[in-house]
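# Structural overview for review
Listed below, chain by chain, are the residues.
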Amino acid sequence: MAVITAPDKTPPAAAPRRERRTVRPLLLNLAALVFGVAVWGLATTAHLVDIPGPLSVASRAAEMLRDGTLADDALASLRRVFLGFALGTLLAVPVGFLMGWYPVARALLEPYVQFFRTVPPLAIIPLAIVLMGIGETPKVFVIFLAAFLSSVVAAFQGVVGVDATLINAARVLGARDRVIFLKVVVPAASPFLLVGMRIGLGASWATVVAAELIAADKGLGYEMMHAQTYYDLPTIFVGLITIGLIGLVMDRLLLWAERHLTAWQERR
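Residues numbered from 1 in each chain as written. Predicted model: local features only at pLDDT ≥ 70, side-chain atom pairs only at ≥ 80, totals over all residues. Heavy atoms only, no water.

For the chain, the helix and strand inventory stands at ten helices and zero strands. Mapped in sequence order, the helices and strands of the chain form the string α-α-α-α-α-α-α-α-α-α. Relative to its full complement of 268 residues, the chain shows a buried share of 38%. Partitioning the intrachain contacts of the chain with sequence separation of at least 6 by distance along the chain shows that 73% fall at a separation of at least 24. Here the chain displays about 16900 Å² of accessible surface, and carbon together with sulfur accounts for 69% of that area. (Helix = DSSP H or I, 4+ residues; strand = E, 2+ residues; numbered from the N terminus. Buried < 20%, exposed > 50% of the residue type's maximum accessible area, 1.4 Å probe, protein only. Contact = heavy atoms within 4.5 Å. Areas by Shrake-Rupley, 256 points an atom, 1.4 Å probe, with all protein chains shown as cover.)

And the structure:
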């Protein structure tokens, strides 16, 4: 007796679809980059704007790479950003979770957080320099403050925004507060925290450049200020592009971490 088998309805592997979804945005990003550089080159060639063109900026970047200036300045700025950002984020996580989980801690700490959040870190640079000198400490401190204020609000909002149904369901199943916090609240708040970290990263780069403009002997901000004195526009553009590229790479790393740490979350 012949056996009739049903046609195989197994869906195709998800890997090729994921690969296509990854490749297409990369191609669009590359196309947008090429288009932007082309518009920049055409605008400078036609003298529509009084700025250096892509070839001039690329030539100046090559010079700064050969003599080591660009690498030294980029490493100095990156070191300050990384240290201040890491310290600010590490402190923001427990403080934000504490504010979100305990109403008493929220009542005690939130006024200070909201007060300092309305004061731009750039406005604290003169005070930091007066109190801490012109070394690395004031620069790292203002970067730390910028990263901390962005991340602590995100962590706090993530905790208070957890669905009460999840917490009540865990309590009904007999889970204690410690288990609920670690197994329910922390995973649910992690997307908010990672978004806050990305915002804090941008604030950290803006702050370090401003700090280096005021008091520094090395760094991308210092190099741009020095170039401004001599109306060296190509060097200024090299600094701007370098900051943007480093910031973009760091942001993509955070985005990669977000996708892997919150793989359970539905995405568009």
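To continue, consider the side chain of Thr44. Checked against the element boundaries, Thr44 lands in helix α1 (residues 14–45). For Thr44, the contacting residues outside a window of four places in its chain are Val49, Ile51, Pro52, Gly53 and Pro54.

Once that is clear, we can look at the nonpolar core. As a rule of thumb, nonpolar side chains are buried together in soluble globular proteins. In this structure, Trp101, Ile167, Ile180, Val185, Leu201 and Trp205 are the most contacted members of the largest nonpolar core, which totals 46 residues. Of all the elements in the fold, those that place two or more residues in this core are α2 (54–66), α3 (69–101), α5 (121–132), α6 (136–160), α7 (164–172), α8 (177–214), α9 (220–229) and α10 (233–261). For this core, the element with the highest residue contribution is α8, accounting for 14 residues. Those residues within four positions of Trp205 in sequence are excluded, and the remaining contacts are Ser77, Leu78, Val81, Leu220, Ile243, Ile246, Gly247 and Met250. (Core = buried A, V, L, I, M, F, W, Y, C linked by side-chain atoms within 4.5 Å.)

Bringing the environment of Pro191 into the picture now. Relative to the elements of secondary structure, Pro191 occurs in helix α8. Sequence separation of Pro191 and Gly158 is 33 residues, and the distance between their C-alpha atoms is 7.6 Å.

Owing to its 3.6 residues per turn, the α-helix brings residues three or four apart onto one side. The end-to-end C-alpha distance of helix α4 (residues 103–117), which contains 15 residues, comes to 20 Å, matching closely the 21 Å that a straight helix rising 1.5 Å per residue would cover. Considering bend angle alone, the principal kink of α4 is centred on Leu109 and spans about 40°; proline Pro111 follows within four residues of it. (Expected span 1.5 Å × (residues − 1). Bend = angle between axes of the 7 residues up to and from the residue.)

Our focus in this paragraph is the packing of α9 against α10. Interaxial distance between α9 and α10 falls to 8 Å at its minimum, and their mutual angle equals 160°. With respect to their mutual orientation, α9 and α10 come out roughly antiparallel. The handedness of the crossing between α9 and α10 comes out as left-handed. Two secondary-structure elements touch here, α9 through Leu220, Glu223, Met224, Ala227 and Gln228 and α10 through Thr235, Ile236, Gly239, Leu240, Thr242 and Ile243. Residues of the contact of α9 with α10, tallied by class, amount to six nonpolar, four polar and one charged. (Axes fitted to C-alpha atoms, helices over the stretch in contact; angles between N-to-C directions. Parallel < 35°, antiparallel > 145°, perpendicular 65-115°, else oblique. Left-handed = near helix turned anticlockwise from the far one by under 90°. Nonpolar A, V, L, I, M, F, W, Y, C, P; charged D, E, K, R; others polar.)

The topology assignment puts Thr242 in helix α10. If sequence neighbours within four positions are ignored, Thr242 has contacts with Leu70, Ala74 and Leu220.

Phi at His47 is positive, roughly 60°, even though this residue is not glycine. In this fold, His47 is placed in the loop between α1 and α2. Here the phi dihedral of Tyr231 falls at roughly 50°; this positive angle occurs in a residue that is not glycine. Of note, Tyr231 is situated in the loop between α9 and α10.

With that settled, consider the packing of aromatic side chains. Applying the stated criterion across every chain yields a total of four aromatic pairs. For the ring pair Trp40 and Phe237, a centre distance of 5.8 Å and an interplane angle of 20° mean the geometry is stacked. Of this pair, Trp40 sits in helix α1 while Phe237 sits in helix α10, and the two are 197 residues apart along the sequence. Their ring planes at 25° and their centres at 5.9 Å tell us that Phe144 and Phe148 sit as a pair that is stacked. (Phe/Tyr/Trp six-rings, centres within 6.5 Å; stacked < 30°, edge-to-face > 60°.)

A few words on the environment of Val49. Relative to the helices and strands, Val49 resides in the loop between α1 and α2. Val49 has contacts with Ala43 and Thr44, leaving out every residue within four places of it along the chain.

Next up on the list: the packing of α4 against α6. At a minimum axis separation of 10 Å, α4 and α6 run at an interaxial angle of 140°. Judged on the interaxial angle alone, α6 and α4 are oblique. The element α4 and its partner α6 pack so that their crossing is left-handed. Residues Arg106, Glu110, Val113, Phe116 and Arg117 of α4 touch α6, and the partners they reach there are Leu149, Val152, Val153, Phe156 and Val160. Each residue belonging to the contact of α4 with α6 can be placed in one class, and the counts come to seven nonpolar, no polar and three charged.

Read these as geometric descriptors, not functional statements.
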